[in-house]
Amino acid sequence: YVGFSMEIKSLVKPAVAAAAMGGVIYVLYDMLMMEFGSNAFATLTGMSCGIIVYGAVLLFLGGISENDVKQMPYIGGRMVTLLGRFGLFK
């Protein structure tokens, strides 16, 4: 009714990144709970690692553009320079 359409193909990269993030969190949480027994520590560590994995997978798959990174407040310009040196933008 509003004329909005989205290609299913554009959802594949975020879905792959989310699956990788979920897998890392699942495995890491279980390992940390067995080792330390602290739910808070396991949850916060798992979530922190999951965020890093999600961003890294999106970068490697080309799901984040240079313009997306530039829009990040404070660190966007420096991140574009750093990530550009490694050739991570497609």
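Every chain's residues receive numbers from 1 upward, in the order its sequence appears when written. Local features in this predicted model are restricted to residues whose pLDDT is 70 or higher, and side-chain atom pairs enter the listing and the counts only when it is 80 or higher, whereas totals over whole chains, interfaces and linings include all residues. The side-chain numbers reported here are obtained from all heavy atoms of the structure, hydrogens and water having been left aside.

### Here's the deal with the overall build of the protein
Reasoning step 1: Helix and strand assignments follow DSSP, with helices taken as H or I runs no shorter than four residues and strands as E runs no shorter than two, numbered in order from the N terminus. Each helix and strand counted, the protein has four helices and zero strands in total.
Reasoning step 2: Start at the N end of the protein and walk to the C end: the helices and strands fall as α-α-α-α.
Reasoning step 3: All radius of gyration figures rest on C-alpha atoms, and the globule criterion is 2.2 Å times the number of residues raised to 0.38. For a compact globule of 90 residues, the expected C-alpha radius of gyration is about 12 Å, and the protein comes in at 17 Å, more than 25% above that figure.
Reasoning step 4: Expressed along its principal axes, the backbone C-alpha trace of the protein runs to roughly 45 × 40 × 20 Å.
Reasoning step 5: Summary of the burial criterion: residues with accessible area below 20% of their type's maximum are buried, those above 50% are exposed, and those between are partly exposed, where the area comes from a 1.4 Å probe applied to protein chains only. Split into buried and exposed, the 90 residues of the protein put 16% on the buried side.

### Overview of helix H4 (residues 76-85)
Reasoning step 1: Considered for burial, the residues of H4 that qualify are Gly76, Val80 and Leu83. Within H4, the buried residues cover an arc of 80° as seen down the axis, which keeps them to one side. The exposed set on the far side of H4, more than 90 degrees from its buried face, consists of Arg78 and Arg85.
Reasoning step 2: In this analysis, two residues are considered to be in contact whenever any of their non-hydrogen atoms come within 4.5 Å of each other. Taken together, the buried residues of H4 touch helix H2 (39-61) and helix H3 (66-70). Each C-beta atom gives one direction from the helix axis, and the arc is the one those directions make.

### Some thoughts on the environment of Asp30
Reasoning step 1: Positionally, Asp30 belongs in helix H1 (residues 12-36).
Reasoning step 2: Through-space distance from the C-alpha of Asp30 to that of Met72 is 33 Å; in sequence the pair is 42 residues apart.

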